[in-house]
Amino acid sequence: MATRLQFENNCEVGVFSKLTNAYCLVAIGGSESFYSIFETELADVIPVVKTSIGGTRIIGRLCAGNKNGLLVPHTTTDQELQHLRNSLPDSVVVQRIEERLSALGNCIACNDHVALAHTDLDRETEELIADVLGVEVFRQTIAGNILVGSYCALTNRGGLVHPHTSIEDLDELSTLLQVPLVAGTVNRGSEVIAAGMTVNDWTAFCGSDTTATELSVIESVFKLREAQPSAIVDKMRKSLIDSYV
Amino acid sequence: MDEDKGMFNVQQTIGTVLCCRCGIRMQPNAANMCVRCLRSEVDITEGLQKHVVISHCPECDCYLQPPKTWLKAQWESKELLTFCVKRLKNLNKVRLIHAEFVWTEPHSKRIKVRVTIQKEVLNGAVLEQAYVVEYVQQDHMCESCSRVAANPDQWVASVQLRQHVSHRRTFFYLEQLILKHDAAVKAIKIKQMDQGIDFFFGNRSHAVKFLEFLGSVVPTKSRDDKQLVSHDVKSSNYNYKYTFSVQISPVCREDLICLPQRLSSSLGNIGPLVVCTKVTNSIALLDPFTLRHCHLDSDQYWRHGFKSLLTSRQLVEYIVLDIEIPSPPMEAKIGGVRYLLADAQVARVSDFGRNDNIFFVRTHLGHLLNPGDHALGYDLYAANSNDSELEKYKNLVLPEVVLIKKSYEEARLRKRGKPRKYKLKHLEMEVDDRARVDEEKERSDYEQFQRDIEENPELRFNLSLYRNKEYQEESEAGSMADDAAAPLEELLADLVLLDESDEEEDEGMRE
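- Chain B is annotated in an unreviewed UniProt entry as 60S ribosomal export protein NMD3 of Linum tenue.
- UniProt annotates chain B under Function (unreviewed entry) with the comment "Acts as an adapter for the XPO1/CRM1-mediated export of the 60S ribosomal subunit."

- Chain A is annotated in an unreviewed UniProt entry as Eukaryotic translation initiation factor 6 from Linum tenue.
- Check the Function (unreviewed entry) section of the UniProt entry for chain A; it says "Binds to the 60S ribosomal subunit and prevents its association with the 40S ribosomal subunit to form the 80S initiation complex in the cytoplasm. May also be involved in ribosome biogenesis."
- Recorded in UniProt under Sequence similarities (unreviewed entry), the annotation for chain A is "Belongs to the eIF-6 family."

In structure tokens, the structure reads:
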């Protein structure tokens, strides 16, 4: 199910939030409405955590993660790191990495099995990604842009890429990622996909400028219509309950 | 280049995305919206003028460009299009690609122009749109037309041209020159006066231009005055009538002149008796006995202001009895014309056969004259001159005859009454009733002028002669005709259009 919302009158929700299959990170906003929408959708399924990274609110673009782990840049303070470790489930490994390109959200696009990385990423970082997130890493560009994390939104069911991506590129990426890909836009023709929306296997949140056409494309490529959260997170729930005890 | 390095270049096919608004498949663009959605979203013609009022003068077909300029433009012409586009405000914010007229009924007083503009919208997408601007044409007489309508004879500047001599040869020559150079095109009215012509212009600058033209072809002296017609106190605008009074020097070609003593000595003691050979904007003088020549500028002449001793009216015909060329021959080439000093024995035609009055004279026409020829010259022997300059010279021996030119009278007698090979055009002149016009004198003057241009190719140089349709080629064995008359090659053929016989254009047949 795709929802349309705004963060403080700004439609770029992918900048201020990070959504995975196991958790959701939300920026500390001026009004509580942003947080409450996420809460309404996700509260009984996965934890929704309010946080900041490096004192900033642009957490969606600074960190990259999936159900296995979360990578945060070196600008993250110790308190924030601790807060994250406390709030997130134990199965999620939170790792701070020293990397020159600190906007990890813009440099890495990942789902639970495979990740696309910025071509100039360090070798150690690549290994860390493979370790922490448990994914296979491919260095790629999308429509000639090296910021793969910005121009592509990826889940285990499908992916949405920059509208100017050629057909050959789409085929190649699709083969690498093993998911169906579609070139499209979000937020009324904006090409920066990942900044305009955030998505996981059963739900998506888009900026309020997103047109009905774009929403229908998103819902169809990520297969959100028939998605039920329960089927996916059952396994996770068991692990959660275990830990409380 | 990539192929050389062994790199494999994948062919990039642009895929299609759905338009974010209407969902149709389209090629991705900067706005990621199909053209229709973009156009419905953004109207780039917003804020641009669609309706303009322009003023048009029905008399002269001009359009007003405020505040004061009137532009002449034809209906649906390029100038009109430029003018219409210029009248649109705010067009500098968008880029103009194309403009064209949409047809409207000519008397509907509406002009429609379809303008195509380009503007950048959203994030870099450039949109092109065409829209129609309607111009309402309001009729409003322009200033000059209203002034003309109010008083058709209104002139602002006038040039009064005068020459104080008893003949009008200069004015005939000037008339032809003016026609050739179109100097009087802007004249509102031309009036023939006693001893001169008046030209009236609508603009002071036209009069000044005409004045300068005159100064370049004849030696003139001018002065100008102005007369206040009206004046607007509030805006301090003064309307004047300007009058330029121009005097042409009374010295003409073939005149005999006695130079004042001071001028003669300043010119190198050129003999006090000189013949004027050519008058353009300077006067060329030739001493017929020594073949010395000099030029007098307009300014120089007017400083002394001398008059001719004898003019061409007083030419008398002589028969040349004998020509002797002294050796070594003294010849000179002045102004392209060869002169040869010779001693001649002449007798007046009136004397010839009756008495034995023979004159021995020195003449500069040795190259032309042969015994038995007729020549025209000034009879100083019988003349009674009343010239103050002449009296100032003491010990001056006057020659008895000064020969000026050869006479073609006999050849002319043969051709009398037959039409000439060429004809000349005329300026449209109003003849003043007050002026005393002697018809006979005018006609003989004109006849003389025509003979002059026939005989002198240098005089013909500046004029346009047109072929006379009525002239029939006659197989005359007169060599005189070929020498004297203007050769056919110099005549301009007149193109007479079949419909209107008044319209004549000259087709240059000049060599």
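**Things to note about the overall build of chain B**
Here is step 1 of the chain: Counting secondary structure elements, chain B contains 13 helices and 30 strands.
Here is step 2 of the chain: Evaluated residue by residue, chain B yields a buried proportion of 43% over its 511 residues.
Here is step 3 of the chain: Taking the intrachain contacts of chain B between residues at least 6 apart in sequence as the baseline, contacts between residues at least 24 apart amount to 63%.
Here is step 4 of the chain: Element-wise, carbon and sulfur atoms account for 48% of the exposed surface of chain B, whose accessible area totals about 29,600 Å².

**Describing the overall build of chain A**
Here is step 1 of the chain: The helix and strand inventory of chain A stands at 11 helices and 15 strands.
Here is step 2 of the chain: Expressed as a percentage of the 245 residues in chain A, the buried residues total 56%.
Here is step 3 of the chain: Counting contacts in chain A only where the partners sit at least 6 residues apart, residues at least 24 apart contribute 61% of the total.
Here is step 4 of the chain: If you sum the accessible surface of chain A, you get close to 9,900 Å²; carbon and sulfur atoms cover 50% of it.

**A short note on unusual backbone geometry**
Here is step 1 of the chain: P66 of chain B connects to P67 of chain B through a cis peptide bond whose omega is 5°.
Here is step 2 of the chain: Tracing the backbone through its elements, the reader meets P67 of chain B in the loop between β4 (62-65) and β5 (69-72).
Here is step 3 of the chain: In this structure, E8 of chain A takes a positive phi of about 50° despite not being glycine.
Here is step 4 of the chain: Turning to its location among the elements, E8 of chain A is positioned in the loop between β1 (2-5) and α1 (13-16).
Here is step 5 of the chain: By relative accessible area, E8 of chain A is classed as partly exposed at 39%.
Here is step 6 of the chain: Phi is positive for Q178 of chain A, which is not a glycine, with a value near 60°.
Here is step 7 of the chain: Secondary-structure assignment places Q178 of chain A in the loop between α8 (167-177) and β13 (181-183).
Here is step 8 of the chain: Given a relative accessible area of 65%, Q178 of chain A falls into the exposed group.

**Examining the interface of chain B and chain A**
Frequently, the measure chosen for interface size is the accessible area that the parts lose on association.
Here is step 1 of the chain: With 19 residues of chain B in contact, the opposing surface of chain A contributes 17 residues.
Here is step 2 of the chain: Taking both sides of the interface into account, the surface hidden between chain B and chain A amounts to around 1,300 Å²; carbon and sulfur atoms contribute 51%.
Here is step 3 of the chain: Residue composition of the side of chain B that touches chain A, grouped by class: 10 nonpolar, seven polar and two charged.

**Some details on helix α6 (residues 204-217) of chain B**
Residue and element names in this part refer to chain B.
Here is step 1 of the chain: Taking 1.5 Å of rise per residue, 14 residues should cover 20 Å, and α6 covers 20 Å from first to last C-alpha, within 8% of that figure.
Here is step 2 of the chain: Every buried residue of α6 is accounted for by A207, F210, L211, F213, L214 and V217. Considered in projection along α6, the buried side chains sweep an arc of 160° and stay on one side of the axis. Exposed residues pointing more than 90 degrees away from the buried face of α6 are listed as K209 and E212.

**Observations regarding the pattern of salt bridges**
Here is step 1 of the chain: Inspection of the entire model under this criterion finds 18 salt bridges over all chains.
Here is step 2 of the chain: Where E219 of chain A meets R225 of chain A, a salt bridge forms, and the shortest distance between an N and an O atom there is 3.1 Å.
Here is step 3 of the chain: What makes R225 of chain A partly exposed here is its relative accessible area of 48%.
Here is step 4 of the chain: Where D225 of chain B meets R223 of chain B, a salt bridge forms, and the shortest distance between an N and an O atom there is 3.2 Å.
Here is step 5 of the chain: The exposure class of D225 of chain B is partly exposed, given its relative accessible area of 38%.
Here is step 6 of the chain: The class of R223 of chain B is exposed, set by a relative accessible area of 53%.

**Considerations on the packing of aromatic side chains**
We describe a pair of aromatic rings using the distance from one ring centre to the other and the angle between the two ring planes.
Residues and elements named next belong to chain B.
Here is step 1 of the chain: Applying the stated criterion across every chain yields a total of 17 aromatic pairs over all chains.
Here is step 2 of the chain: Between F172 and F449, the aromatic rings sit 5.8 Å apart at their centres with planes inclined by 40°, giving tilted as the arrangement. Of this pair, F172 sits in helix α5 (residues 169-181) while F449 sits in helix α11 (residues 439-455), placing them 277 residues apart in sequence.
Here is step 3 of the chain: Note on F449: relative accessible area 2%, which makes it buried.
Here is step 4 of the chain: Measuring from centroid to centroid gives 5.5 Å for F201 and F210, while their planes differ by 45°, and the two rings are tilted.

**Considerations on the pairing of strand β25 (residues 401-406) of chain B**
Residues and elements named next belong to chain B.
Here is step 1 of the chain: Extensive coverage of β25 is indicated by the burial of six of its six residues.
Here is step 2 of the chain: In this structure, strand β24 (residues 374-379) lies alongside β25, joined through five bridges in antiparallel fashion. Counterpart to Y378 in the pairing with β25 is V402.

**Re helix α6 (residues 123-133) of chain A**
The periodicity of an α-helix, 3.6 residues per turn, causes residues three or four places apart in sequence to face the same way.
Residue and element names in this part refer to chain A.
Here is step 1 of the chain: Looking at α6, one finds that the buried residues are T125, E126, I129, V132 and L133. Along α6, the residues classed as buried sweep out an arc of 140° about the axis, all on the same side. Summarising the geometry of α6, the exposed residues directed more than 90 degrees from the buried face are R123, E124 and D131.
Here is step 2 of the chain: In this fold, the buried residues of α6 make contact with β5 (64-65), β6 (69-72), β7 (93-96), β8 (108-110), β9 (114-117) and β10 (136-139).
Here is step 3 of the chain: Phi for G134, located one or two positions after α6, is positive at around 65°.

**Examining the state of the cysteines**
Here is step 1 of the chain: Counted under the stated rule, the structure contains zero disulfides over all chains.
Here is step 2 of the chain: Note on C63 of chain A: no disulfide assigned, nearest cysteine sulfur contributed by C110 of chain A at a separation of 9.7 Å.
Here is step 3 of the chain: Among the residues examined, C63 of chain A registers a relative accessible area of 0% and is labelled buried.
Here is step 4 of the chain: Residue C22 of chain B stays outside any disulfide, its sulfur separated by 3.2 Å from that of C34 of chain B, the closest cysteine.
Here is step 5 of the chain: Using a relative accessible area of 37% as the deciding quantity, one classes C22 of chain B as partly exposed.

**What to know about the sheet that holds strand β22 (residues 342-348) of chain B**
Residues and elements named next belong to chain B.
Here is step 1 of the chain: Pairing is antiparallel across the open sheet formed by five strands, whose spatial order is β23-β22-β19-β24-β25. Of all the strands in the sheet, the pair left with one neighbour each is β23 (359-363) and β25. The sheet shows a mean angle of 50° between the axes of neighbouring strands, taken without regard to direction.

Cut-offs applied
- Residues numbered from 1 in each chain as written.
- Chains lettered and ligands numbered in written order.
- Predicted model: local features only at pLDDT ≥ 70, side-chain atom pairs only at ≥ 80, totals over all residues.
- Heavy atoms only, no water.
- UniProt positions renumbered as here; feature names shortened; annotations may be inferred.
- Helix = DSSP H or I, 4+ residues; strand = E, 2+ residues; numbered from the N terminus.
- Buried < 20%, exposed > 50% of the residue type's maximum accessible area, 1.4 Å probe, protein only.
- Contact = heavy atoms within 4.5 Å.
- Areas by Shrake-Rupley, 256 points an atom, 1.4 Å probe, with all protein chains shown as cover.
- Buried area = accessible area lost by both parts, 1.4 Å probe.
- Nonpolar A, V, L, I, M, F, W, Y, C, P; charged D, E, K, R; others polar.
- Expected span 1.5 Å × (residues − 1).
- Arc of directions from axis to C-beta.
- Salt bridge = Lys/Arg side-chain N within 4 Å of Asp/Glu carboxyl O.
- Phe/Tyr/Trp six-rings, centres within 6.5 Å; stacked < 30°, edge-to-face > 60°.
- Pairing = 2+ DSSP bridges.
- Disulfide = S-S within 2.5 Å.
- Axes fitted to C-alpha atoms, helices over the stretch in contact; angles between N-to-C directions.

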